[in-house]
Amino acid sequence: MTLNLEIIELLKKEGCNIVGFADLRIFPEDVRKGSDVGIIMGIPYTPKAVQDKIKDVKIPHGSLERYNEAVSSFLKEKGYKRNKTYSKMTITYKMLAALAGIGWVGRCALLTTKDLGPALRFTALLTNAPLECGTPITKSLCPPDCSACADICPANAVKTGLWERGVHRDEFFDVNACKKGRSQCHGLCISICPYTQKGFGYV
């Protein structure tokens with residue numbers, strides 16, 4: 001069994017079915033801090049959270065921490081380095097997920113997947129383990145004519161245009177408007193996404 005499969009099977013036992021491997025070697029050494037691969041792990045929001053328009057954003061308690069700890073222990077036993085990602089680092093969960101081929105940055109600037117839309121939370125570890133990496137997604141797969149999140153956003157944070165690698169978030173999303181209007185929306189952009197609605201079966 002390959003190292004990738006061992007990690008995937010380990011996470012399945014912990015209840016995690018969303019996992020990807022991102023090649024970090026596109027980043028400078030001082031950014032990735034000796035790591036070659038990012039392991040990105042995700043968990044969906046609860047169906048109730050989605051149906052309640054994300055007013056209740058709870059996920060199974062401690063799940064992300066448990067996934068992270070399980071993989072960290074595994075890598076330690078194998079003799080590999082493992083580093084957590086932090087907010088001050090330039091390598092974000094969204095970057096890792098796109099590099100791993102899990103999803104893309106949607107119009108509402110959230111990591112979006114075909115299976116569950118943006119209704120996901122993530123954690124990640126960086127490592128020097130020799131893992132096979134996924135095929136990166138380098139541009140948005142949101143339908144160009146879909147404006148569901150833009151139409152429902154009370155803060156008008158969603159601009160025109162779509163993400164692709166190299167395009168700064170500010171070109172298609174107003175993060176300051178989003179922050180100011182967050183108390184009004186409670187994640188409407190997440191629950192209205194057609195991919196979310198299809199994935200959770202309420203269309």
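Residues numbered from 1 in each chain as written. Predicted model: local features only at pLDDT ≥ 70, side-chain atom pairs only at ≥ 80, totals over all residues. Heavy atoms only, no water.

### A short note on the packing of aromatic side chains
In this description, an aromatic ring pair is defined by two values, namely the gap between the centres and the angle between the planes. For the structure shown, the criterion picks out 1 aromatic pair. Both rings, one in Trp 104 and one in Tyr 195, keep their centres 5.5 Å apart while their planes meet at 75°; by these two values the pair is edge-to-face. Linking Trp 104 in strand β4 (residues 104-105) with Tyr 195 in helix α9 (residues 194-199), this pair joins segments that are 91 residues apart in sequence. Exposure class is identical for Trp 104 and Tyr 195. Each is buried. (Phe/Tyr/Trp six-rings, centres within 6.5 Å; stacked < 30°, edge-to-face > 60°. Helix = DSSP H or I, 4+ residues; strand = E, 2+ residues; numbered from the N terminus. Buried < 20%, exposed > 50% of the residue type's maximum accessible area, 1.4 Å probe, protein only.)

### Focus on the nonpolar core
Core analysis: the biggest nonpolar cluster contains 45 residues, and Ile 40, Leu 96 and Phe 173 have the highest contact counts within it. Elements with a contribution of two residues or more to this core: β1 (18-23), α3 (47-51), α5 (93-100), β4, β6 (120-127), α6 (148-152), α7 (175-185) and α8 (188-192). No other element matches α5, which puts 5 residues into this core. Setting aside anything within four residues of it in sequence, one finds Leu 96 in contact with Ala 22, Leu 24, Gly 38, Ile 40, Thr 85, Ile 91, Ala 124 and Leu 126. Formed by 18 residues, the second largest nonpolar core is a distinct cluster that contains Cys 16, Val 19, Leu 64 and Leu 125. (Core = buried A, V, L, I, M, F, W, Y, C linked by side-chain atoms within 4.5 Å. Contact = heavy atoms within 4.5 Å.)

### Things to note about the sheet that holds strand β3 (residues 82-84)
Strand order in the open sheet formed by 4 strands is β1-β2-β6-β3, with antiparallel pairing between adjacent strands. Two strands in the sheet have a free side with no partner beyond their single neighbour: β1 and β3. For this sheet the average axis-to-axis angle between neighbouring strands, irrespective of direction, equals 30°. Pairing of β3 with β6 involves 3 bridges; the strand directions are antiparallel. By the bridge assignment for β6, Lys 84 is matched with Leu 125. Helix α1 (residues 3-13) contacts β1 and β2 (37-44) of the sheet and is inclined by roughly 150° relative to β1. (Pairing = 2+ DSSP bridges. Axes fitted to C-alpha atoms, helices over the stretch in contact; angles between N-to-C directions.)

### Notes on the state of the cysteines
According to the stated counting rule, one finds 0 disulfides in the structure shown. As a non-bridged cysteine, Cys 133 has Cys 16 as the owner of its nearest cysteine sulfur, 17 Å distant. With a relative accessible area of 30%, Cys 133 lands in the partly exposed category. We note that Cys 146 lacks a disulfide partner, and the nearest cysteine sulfur, in Cys 149, lies 6.4 Å from it. (Disulfide = S-S within 2.5 Å.)

### Observations regarding the pairing of β1
Taken across its 6 residues, β1 has 5 buried, putting it largely inside the fold. Across 6 bridges, the pairing between β1 and β2 is antiparallel. Each residue of the ladder has a partner; that of Phe 21, found in β2, is Ile 39.

### Some words on α1
Within α1, the full set of buried residues consists of Leu 3, Asn 4, Ile 7 and Leu 11. Down the axis of α1, the buried set is contained in an arc of 105°. They therefore lie on one face. Those residues of α1 that are buried lie in contact with β1, β2 and α4 (63-78). A positive phi of about 95° marks Gly 15, the residue just after α1. (Arc of directions from axis to C-beta.)

### Observations concerning α4
Between its first and last C-alpha atoms α4 spans 23 Å; for 16 residues at 1.5 Å apiece the expected length is 22 Å, and the two agree. Among the residues of α4, those classed as buried are Ser 63, Leu 64, Tyr 67, Asn 68, Ala 70, Val 71, Ser 72, Phe 74 and Leu 75. Turning to α4, the residues buried within the fold contact α1, β2, β3 and β6. Of the residues flanking the end of α4, it is Gly 79, one or two places downstream, whose phi is positive at about 90°. (Expected span 1.5 Å × (residues − 1).)

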